[in-house]
Amino acid sequence: MSPATAEHATAPAPPTAPAPGRARGRSVRRAGWTPWLYLVPALAVLGALLVYPIYQLGLISFLEYTQAQVSGGEPTSFQGFGNYAELFSDSQFWSVLLATLVFAAACVLSTLAVGCALAVLLTRVRVLPRLALMLAALGAWATPAITGSTVWLFLFDPDFGPVNRLLGLGDHSWTYGRYSAFLLVLLEVVWCSFPFVMVTVYAGIRAIPGEVLEAAALDGASQWRIWRSVMVPMLRPILTVVTIQSVIWDFKVFTQIYVMTNGGGIAGQNLVLNVYAYQKAFASSQYSLGSAIGVVMLLILLAATLAYLRLLRRQGEEL
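Cut-offs applied
- Residues numbered from 1 in each chain as written.
- Predicted model: local features only at pLDDT ≥ 70, side-chain atom pairs only at ≥ 80, totals over all residues.
- Heavy atoms only, no water.
- Helix = DSSP H or I, 4+ residues; strand = E, 2+ residues; numbered from the N terminus.
- Contact = heavy atoms within 4.5 Å.
- Areas by Shrake-Rupley, 256 points an atom, 1.4 Å probe, with all protein chains shown as cover.
- Expected span 1.5 Å × (residues − 1).
- Bend = angle between axes of the 7 residues up to and from the residue.
- Core = buried A, V, L, I, M, F, W, Y, C linked by side-chain atoms within 4.5 Å.
- Buried < 20%, exposed > 50% of the residue type's maximum accessible area, 1.4 Å probe, protein only.
- Axes fitted to C-alpha atoms, helices over the stretch in contact; angles between N-to-C directions.
- Parallel < 35°, antiparallel > 145°, perpendicular 65-115°, else oblique.
- Left-handed = near helix turned anticlockwise from the far one by under 90°.
- Nonpolar A, V, L, I, M, F, W, Y, C, P; charged D, E, K, R; others polar.
- Phe/Tyr/Trp six-rings, centres within 6.5 Å; stacked < 30°, edge-to-face > 60°.
- 1 Å grid on protein atoms, 1.4 Å probe; cavity = no way out; pocket = protein on both sides within 12 Å on 5 of 7 lines; lining within 4 Å.
- Points joined across faces, edges and corners; volume = space filled by probe spheres on them.
- Patch = residues over 30% accessible without salt bridge, like charges linked within 9 Å, V, L, I, M, F, W, Y side chains within 5 Å.
- Salt bridge = Lys/Arg side-chain N within 4 Å of Asp/Glu carboxyl O.
- Lys, Arg positive; Asp, Glu negative; His and termini not counted.

1. As for the overall build of the protein chain
So, step 1. Secondary structure assignment for the protein chain yields 14 helices and two strands.
So, step 2. Here the analysis covers contacts within the protein chain between residues at least 6 apart in sequence; of these, 66% occur between residues at least 24 apart.
So, step 3. For the protein chain, the exposed area adds up to about 19300 Å²; of that, 67% sits on carbon and sulfur atoms.

2. A short note on helix 9 (residues 178-207)
So, step 1. The terminal C-alpha atoms of helix 9 lie 43 Å apart, and with 30 residues this matches the ideal 44 Å at 1.5 Å per residue to within 8%.
So, step 2. Ser193 marks where helix 9 bends most, by close to 40 degrees; the proline Pro195 follows one to four residues later.

3. Some words on the nonpolar core
So, step 1. Leu87, Phe93, Phe103, Ile257, Leu273, Tyr276 and Ile293 are the most contacted members of the largest nonpolar core, which totals 36 residues.
So, step 2. Among the elements of the structure, helix 4 (82-88), helix 5 (91-122), helix 9, helix 12 (255-260), helix 13 (273-283) and helix 14 (287-314) are those that each provide at least two residues to this core.
So, step 3. With 26 residues, the next largest nonpolar core counts Leu112, Cys116, Val201 and Ile208 among its residues.

4. Some points on the packing of helix 10 (residues 210-218) against helix 11 (residues 223-251)
So, step 1. Their axes nearest at 11 Å, the elements helix 10 and helix 11 cross at an angle of 160 degrees. The angle between the axes of helix 10 and helix 11 places the two elements in the roughly antiparallel class. The way helix 10 lies across helix 11 gives a crossing that is right-handed. Seen from helix 10, the contacting residues are Val212, Leu213, Ala216 and Ala217; seen from helix 11, they are Ile226, Val230, Met231 and Met234.
So, step 2. Of the residues that constitute the contact of helix 10 with helix 11, the class distribution is eight nonpolar, no polar and no charged.

5. Details of the packing of aromatic side chains
So, step 1. Under the definition given, this model contains 21 aromatic pairs.
So, step 2. A centroid spacing of 6.1 Å and a plane angle of 50 degrees characterise the contact between Phe81 and Tyr84, whose relative ring orientation is tilted.
So, step 3. Looking at Tyr84, the relative accessible area reads 8%, which means it is buried.
So, step 4. Ring geometry for Phe282 and Tyr287: centres 6.1 Å apart, planes at 80 degrees, overall edge-to-face.
So, step 5. Note on Phe282: relative accessible area 54%, which makes it exposed.
So, step 6. By the ring-pair criterion, three or more aromatic residues cluster together here, those being Phe62, Phe78, Phe81, Tyr84, Phe88, Phe93 and Trp94.

6. Here's the deal with the layout of surface pockets
So, step 1. Approximately 330 Å³ is the volume attributed to the largest pocket.
So, step 2. When contributions to the lining of the largest pocket are tallied by element, the ones reaching two or more residues are helix 13 and helix 14.
So, step 3. Counting residues per element, the lining of the largest pocket draws most heavily on helix 14, at six residues.
So, step 4. Of the residues assigned to the lining of the largest pocket, the class counts are eight nonpolar, four polar and one charged.
So, step 5. As a volume, the second largest pocket reaches approximately 250 Å³.
So, step 6. As for the second largest pocket, its lining consists of 14 residues, and the residues nearest its centre are Ala145, Cys192, Ser193, Trp249 and Gln256.
So, step 7. Listing elements by their share of the lining of the second largest pocket, those giving two or more residues are helix 9, helix 11 and helix 12.
So, step 8. With three residues, the top contributor of residues to the lining of the second largest pocket is helix 9.
So, step 9. A class-by-class count of the residues in the lining of the second largest pocket yields eight nonpolar, four polar and two charged.

7. Thoughts on a nonpolar patch on the surface
So, step 1. Nonpolar side chains collect at one region of the surface, where Trp33, Trp36, Leu39, Leu43, Val45, Leu46, Leu49, Leu50, Val51 and Ile54 lie side by side and expose about 1000 Å² of accessible area between them.
So, step 2. Structurally, Trp36 is set in helix 2 (residues 20-61).
So, step 3. With a relative accessible area of 51%, Trp36 lands in the exposed category.

8. Overview of the packing of helix 5 against helix 9
Between two packed helices, both the angle of their axes relative to each other and the distance between the axes serve to describe the pair.
So, step 1. Following both chains from N to C, one finds helix 5 and helix 9 inclined at 40 degrees, their axes separated by 6 Å at the closest point. When the axes of helix 5 and helix 9 are compared, the pair comes out oblique. Note that helix 5 runs across helix 9; the crossing there is right-handed.
So, step 2. Classifying every residue of the contact of helix 5 with helix 9 by side-chain character gives 22 nonpolar, four polar and one charged.

9. Some remarks on the side chain of Lys280
So, step 1. Among the structural elements, Lys280 can be located in helix 13.
So, step 2. At 4.2 Å, Asp90 is the nearest oppositely charged side chain to Lys280, a buried residue that forms no salt bridge.
So, step 3. Non-local contacts of Lys280, meaning those with residues more than four positions away in its chain, are made with Asp90, Ser285, Gln286, Tyr287, Gly290 and Ile293.

10. A look at the environment of Val212
So, step 1. Residue placement: Val212 occurs in helix 10.
So, step 2. Overall, Val212 belongs to the partly exposed group, its relative accessible area being 32%.
So, step 3. Taking the C-alpha atoms as reference points, Val212 and Met231, 19 residues apart in sequence, are found 9.4 Å from one another.
So, step 4. With residues near it in sequence (within four places) discarded, Val212 still touches Val230 and Met234.

As structure tokens, then:
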């Protein structure tokens, strides 16, 4: 054997390159974990702010937790589903639940209608009116709920409010009757909620290619038909977001009802679940019943959101 042949025979073999498919699989797995690593800080904050309070809410709802247990006079005892059984056997709970569902549905539909109508209007007016409408809407959105509720109470005050004078209603009290009080609160809720829908939907409309709208107009479609058949399908993901957000906001309305109806109206005629839970927990010191109401509200909101998303998935919508 020649020296060259011996050297060639004893030389180490070059390293074997990994198979392309295996390397690609590892890179895909690393890329799949990368977004979650960026989300870890946010998930940690959400876990501290949401998961633990929800856990405590659910735990207290299964305990006997009144003022006696808070002060240490009596030991805390496990009640199981006793608090829920007491809650579901109360006829007032069911009437408040029905009122909350009807009131929240009216608020959501009214907010979406006003917000979408004004979003379309923003695309039809000139720059200065558009800017004025945007600033007015954002001013309403930025107003604290307690401040807006107080202003609306003054506007509809039976003695000094300008609305009764303009309508010639004399000393009519809007907060005395059940339905008129709910209507007054609904108007205030829509007033402070529609800007979010308006701005979001307006941004979605601006993203729609102008050629699509021009083609629909050339085909003879009316403005209503363009909105229903062209804009709504293209804006469905955005409408899904604003609808779910409005459902969450309007279902758990508290400040407007509490301030404008003085804690729920005469004999509790304007109670909603959030105010009802507050009365049970803090006015009556039945913290376990108040927590049970909070858990019921959470489950209703989760069920409504999941049902709406499932309906959209069945219709083939990409979210």
